[in-house]
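# Coordinates in review
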Protein chains: 2
Amino acid sequence: MYDQLKLDNQLCFRLYAASRLVTQAYRPLLEPLGLTYPQYLVMLLLWEKDWQSVNDIAHRLLLETNTVTPLLKRMEQEGLVKRNTDFIDKRRTIVGLTHKGKKLEEAAKTIPACITQGWDSGQSRPEDFAALPRALDALISKLKSNDN
Amino acid sequence: MYDQLKLDNQLCFRLYAASRLVTQAYRPLLEPLGLTYPQYLVMLLLWEKDWQSVNDIAHRLLLETNTVTPLLKRMEQEGLVKRNTDFIDKRRTIVGLTHKGKKLEEAAKTIPACITQGWDSGQSRPEDFAALPRALDALISKLKSNDN
DNA sequence: AACAATTATATCGTGTGCGACATAATGTTA
DNA sequence: TAACATTATGTCGCACACGATATAATTGTT
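Calculation notes
- Residues numbered from 1 in each chain as written.
- Chains lettered and ligands numbered in written order.
- Predicted model: local features only at pLDDT ≥ 70, side-chain atom pairs only at ≥ 80, totals over all residues.
- Heavy atoms only, no water.
- Least-squares fit on C-alpha atoms with pLDDT ≥ 70 in both.
- Contact = heavy atoms within 4.5 Å.
- Helix = DSSP H or I, 4+ residues; strand = E, 2+ residues; numbered from the N terminus.
- Pairing = 2+ DSSP bridges.
- Axes fitted to C-alpha atoms, helices over the stretch in contact; angles between N-to-C directions.
- Buried area = accessible area lost by both parts, 1.4 Å probe.
- Polar contact = N/O pair within 3.5 Å; in protein donor to acceptor, adjacent residues only side chain to side chain.
- Near = heavy atom within 4 Å.

## Thoughts on the relation of the copies chain A and chain B
The operation relating chain A to chain B is a screw motion whose rotation component is 180 degrees, with 0.0 Å of axial translation and a residual RMSD of 0.0 Å. This pairing of chains is accounted for by a two-fold axis. When you check the interface residues of chain A against chain B, 100% turn up at the interface there too, and the contact is symmetric in its surfaces.

See the structure below:
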């Protein structure tokens, strides 16, 4: 039995598990808004800046366009976004908020606080928790550079 | 525009992105072994302790049994594991390694080091990186207790 | 023992993720 | 400007995840 193959020693599993648990924590808050977690991430981008291309959205979320396209189509079905062909570059599809999509921001603004509420209080070492964003950013940028 | 709704301010997105990037990093290493990342996690558990029930596996991986069941069936198709009904409690399906599954451990033992190689060197603050496992464990245990 | 409650697993439907590939529009270059 | 490469998006297939639900086996209670 190799120690490095023990589940409990694996940082990667912690990331995998934490990510799924966080998504689960969002579910009851997003369901009333008719959003899944990835759809919510798209809404965050569009609330920041309306009308972005599929590529823009995929790049920000570190997703492939073949993941984002069907996701956006479902959001269009729900009347949250519009998908138009760009006039200048007809290859591009630009995505914008509908009135319904814009209105949702007001209802969503309390969600982040609801999710993270009490997280640091559960930490035996608050300084570890404070380091999380920095450590993850460094890890993400490292992993991104692996492919291209 | 609410600051708390900016993507870059969201710890949750970092976890979501990091988790997917890690899985992607594993792919080229696991593909030669005929494993996906969740299947690799199941193998880790069975290499630690052969013959565990579907429930045992699901609990350790923090997954639902309706995720694990089809995953195990695919692994059975590939000849990596066997699925037997428990003699004492016929409700239970116990999962064990085949010869092929056992042999794979030798080939897998170098994977963890390959993945994490260079991770801390990319960190401007190594102490942040060292805190990651502790911070994630605390977060996971917090999120687990949310449901029950 | 009879029967309700619980437990373990499985089935079904929907929504991601992503590799492989297709297609149309734009850029580039001889 | 014709031919070719590149880019942006999309389709298809497969493997998760998970809520809702079904079913069979066991447990608990009377």
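## What to know about the environment of Met1(A)
Tracing the chain through its elements places Met1(A) in the segment before helix 1 (11-30). Expressed as a C-alpha distance, the spacing of Met1(A) and His59(A), which sit 58 residues apart in the sequence, is 41 Å.

## Concerning the sheet that holds strand 2 (residues 81-85) of chain B
All names here are of chain B. Taken together, three strands build an open sheet; the order of strands is 1-3-2 and the sheet is antiparallel. At either end of the open sheet lies a strand with only one pairing partner, and these are strand 1 (52-53) and strand 2. Bridging between strand 1 and strand 3 (residues 93-97) involves two bridges; their strand directions are antiparallel. The partner of Gln 52 across the bridge, within strand 3, is Val 95. With respect to the sheet, helix 4 (residues 65-77) is in contact with strand 2 and strand 3, its orientation differing from that of strand 2 by roughly 120 degrees.

## Focus: the sheet that holds strand 3 (residues 93-97) of chain A
Strands pair in a sheet through their backbones, by hydrogen bonds, and they do so in one of two ways: parallel or antiparallel. All names here are of chain A. Strand order in the open sheet formed by three strands is 1-3-2, and the pairing between neighbours is antiparallel. Lying at the two open borders of the sheet, with one neighbouring strand each, are strand 1 (52-53) and strand 2 (81-85). Contacts from helix 2 (residues 37-48) reach strand 1, strand 2 and strand 3, with the element oriented near 85 degrees to strand 3.

## Side note on the interface of chain A and chain B
Contacts between the two partners involve 61 residues from chain A, matched on the other side by 61 residues from chain B. Summed over both sides, the interface of chain A with chain B buries roughly 6200 Å², with 68% coming from carbon and sulfur. The interface formed by chain A and chain B includes 20 residue pairs in polar contact (both at pLDDT 80 or more). Counting only elements with at least two residues in the side of chain A that touches chain B, the list comes to helix 1, helix 2, helix 3 (54-61), helix 5 (99-108), helix 6 (111-116) and helix 7 (126-147) of chain A.

## Structural notes on the protein's contact with DNA strand D
In the neighbourhood of DNA strand D, 27 residues make up the surrounding shell, with Tyr16(A), Gln24(A), Arg83(A), Asn66(B) and Arg74(B) lying closest. Sugar and phosphate atoms represent 76% of those atoms of DNA strand D found within 4 Å of the protein. Secondary-structure elements contributing two or more residues to the surface near DNA strand D are helix 1, helix 3 and helix 4 (65-77) of chain A together with helix 2 (37-48) and helix 4 of chain B.

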